[in-house]
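Observations on chain architecture
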Amino acid sequence: MKHYTLFDIIRGVSAVLIVLYHYTARYNENPLFAGAPTNWVLSVPWGCAAVTTFFLLSGYLGAKNLESNTITPRRALYKRLWRLYPTFWSAVILTSVWMILFFKPALLNFGEILLNLSMIPAMLHVRSVDGAYWTLQYELIFALFMFILMSLKNAKWWGLLWISLSILVSFVDRNNFVFSALSVLLMSNYSHTFLGGMMLYTIHKDRKDIYAYIILILCVVNQFLWGFSIVHSLFFVITLVLIWLVVPCEKYVNRENWFIRVIIWIAAISYPLYLIHQMIGFSIIHYLQLIGCNSVLYITIPIGISVLFAYLMHKYIELPLAKK
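The rules behind the values
- Residues numbered from 1 in each chain as written.
- Predicted model: local features only at pLDDT ≥ 70, side-chain atom pairs only at ≥ 80, totals over all residues.
- Heavy atoms only, no water.
- Phe/Tyr/Trp six-rings, centres within 6.5 Å; stacked < 30°, edge-to-face > 60°.
- Helix = DSSP H or I, 4+ residues; strand = E, 2+ residues; numbered from the N terminus.
- Salt bridge = Lys/Arg side-chain N within 4 Å of Asp/Glu carboxyl O.
- Buried < 20%, exposed > 50% of the residue type's maximum accessible area, 1.4 Å probe, protein only.
- Contact = heavy atoms within 4.5 Å.
- pLDDT = per-residue confidence, 0-100.
- Core = buried A, V, L, I, M, F, W, Y, C linked by side-chain atoms within 4.5 Å.
- Axes fitted to C-alpha atoms, helices over the stretch in contact; angles between N-to-C directions.
- Parallel < 35°, antiparallel > 145°, perpendicular 65-115°, else oblique.
- Left-handed = near helix turned anticlockwise from the far one by under 90°.

**Looking at the packing of aromatic side chains**
- Under the defined criterion, the tally for this structure stands at 28 aromatic pairs.
- Aromatic side chains Trp 265 and Tyr 311 sit 6.0 Å apart centroid to centroid with 35° between the ring planes, which places their arrangement in the tilted category. In this pair, Trp 265 is assigned in helix 12 (residues 258–268) and Tyr 311 in helix 14 (residues 300–322), connecting sequence segments 46 residues apart.
- Members of the aromatic cluster, joined through ring pairs, are Phe 55, Trp 134, Tyr 138, Phe 142, Phe 145, Trp 162, Tyr 190, Phe 194 and Phe 228.

**With respect to the pattern of salt bridges**
- Per the counting criterion, the structure on display carries six salt bridges.
- Arg 11 is the salt-bridge partner of Asp 8, the closest N and O atoms lying 3.3 Å from each other. Of this pair, Asp 8 and Arg 11 are both found in helix 1 (residues 5–26), three residues apart, which corresponds to roughly one turn of the helix.
- The partly exposed category is assigned to Arg 11, whose relative accessible area is 23%.

**Describing the environment of Arg 11**
- The spatial distance from the C-alpha of Arg 11 to the C-alpha of Ile 263 is 8.4 Å, given a sequence separation of 252 residues.
- Setting aside residues up to four positions removed in sequence, Arg 11 forms contacts with Phe 54, Leu 57, Ala 267 and Ser 270.

**Points about the confidence of the model for the chain**
- Chain-level statistics for the chain give a pLDDT mean of 92 and a share of 99% at 70 or above.
- The least confident element of the chain is helix 7 (residues 177–186), whose mean pLDDT is 79; the most confident is helix 4 (residues 110–116), at 97.

**Section: the nonpolar core**
- Ranked by size, the top nonpolar core spans 50 residues in total, and within it Phe 88, Met 119, Tyr 133, Leu 136, Tyr 271 and Leu 275 carry the most contacts.
- Elements with a minimum of two residues in this core: helix 1, helix 2 (51–67), helix 3 (73–102), helix 5 (134–151), helix 13 (270–290) and helix 14.
- Not counting residues within four places of it along the chain, the set of residues in contact with Leu 275 comprises Thr 87, Phe 88, Ala 91, Thr 95, Asp 130, Tyr 133 and Leu 136.
- Counting 45 residues, the second-largest nonpolar core is a separate cluster that includes Ala 63, Phe 194, Met 199 and Ile 264.

**Quick look at unusual backbone geometry**
- For Met 119, which is not glycine, the phi dihedral falls at a positive 80°.
- Secondary-structure assignment places Met 119 in the loop between helix 4 and helix 5.
- Note on Met 119: relative accessible area 1%, which makes it buried.
- Here His 125, not a glycine, exhibits a phi torsion of approximately 60°, which is positive.
- Secondary-structure assignment places His 125 in the loop between helix 4 and helix 5.
- We classify His 125 as exposed; its relative accessible area is 74%.

**Some details on the packing of helix 1 against helix 13**
- Where helix 1 contacts helix 13, the axes come no closer than 10 Å and their chain directions differ by 20°. As the angle between them shows, helix 1 and helix 13 are arranged roughly parallel. Helix-helix and strand crossings are classified by hand; for helix 1 and helix 13 the assignment is right-handed. Residues Arg 11, Ala 15, Ile 18, Val 19, His 22, Tyr 23 and Arg 26 of helix 1 form the contact with helix 13, whose own contacting residues are Ser 270, Leu 273, Tyr 274, His 277, Gln 278, Gly 281, Phe 282 and Ile 285.

**As for the environment of Asn 257**
- Among the structural elements, Asn 257 can be located in the loop between helix 11 (246–249) and helix 12.
- What makes Asn 257 partly exposed here is its relative accessible area of 31%.
- When the C-alpha atoms of Asn 257 and Pro 302 are compared, they prove to be 26 Å apart, with 45 residues separating the residues in sequence.

**Remarks on the environment of Leu 94**
- Relative to the helices and strands, Leu 94 resides in helix 3.
- Relative accessible area serves as the criterion here: at 22%, Leu 94 is assigned to the partly exposed category.
- The spatial distance from the C-alpha of Leu 94 to the C-alpha of Phe 309 is 9.2 Å, given a sequence separation of 215 residues.
- Residue contacts for Leu 94: discarding those within four places in its chain leaves Ile 276, Ile 280, Phe 309 and Met 313.

Here it is as C-alpha cells:
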C-alpha cells in the first residue's frame, strides 16, 4: 500500500493534542497533584478526543492486512503484538524507575507493576502505572479481532455484525452483567473507531462499495449512542472526513516544508511519546509549580524531556525490533 504523508500529519498532530491535553487539563484533575495546580493560560481540554485518531488508523491498517495475500493471520497478529509489547514494557519500566527517583507517591508496588506488563491492568483489577495506558487494552483486543477476521471469510459481514451488536449493547442496562461482559468483549464504546478506519480503507479501494458506507454510517450512530460529548463526536466525524480526503489531497503536501517535517518526525515517535509523557511530565510540572514556575512557557520542559525519551525509545527499541 502506498504511504501517505497526510496520515503521518494526522497522527503527529493528534499526538501533540493528547500531550497538551494531559499537561494543560488532565494534570489538574489528578488528585496526586492537587497541591500545586497549574494556572496556565493555555488549555486543551478537548485534546483527549484525539485518541480516536489512533484507533481509526489502527483500523485502517487492519483492513489492509485483511486484504493482503502475503501475510497470514498468525503473522499479522505476531507483528502487531511485537509492535505493541516491547516498547510498552520499556515505558512501564522507565516510568516506574522515574517515579522511584522523583515522585514516589505515584509509584505502584512491585506486584502491580508486573501485572501492568500484561497491558490489561483494568481487567486484572490493579492500578495502572500510567492512566494513559487504558487505550492499549482496546488496541490489544482489536489485534485479536483482526486475527479472527483474517481467519474467516466475509469479514465485512462480521464487521456489520460487530457494529450492530455494539449499537444494541448501548441500549442494555449498564449495571447489567451481560452489558459489562459484552461491552468489554466487543469494545462496544470504541468499536466504531476501529471499524470506521477499516471502512475508510475499503472506500479508498472501492468508492462504490455500498456496504462500507452503511457500516460507516452505523459507526457514526454508535459514536453518538455511547454518550460522548459533542466535542468528541465532532472530532470523530472531522477525523473521518480528513482520512477520507487523504488520497485526493496527498499530492498537495509539501514534504520539504520544515513544519511538515517536524510533524512527520513527531508521528514517527508518537507511540513511545504517548506511553511515557503523562506521569513523567506530571511529576516535572508538579515540581515546576512548587517552585513558582507558573508561566505557560515552562510546559516546554516536560514536553522536551518526554520527546527526548520517546526519541531514544524509538531509535534503540522500537525501530530495531520492527526489523525482526
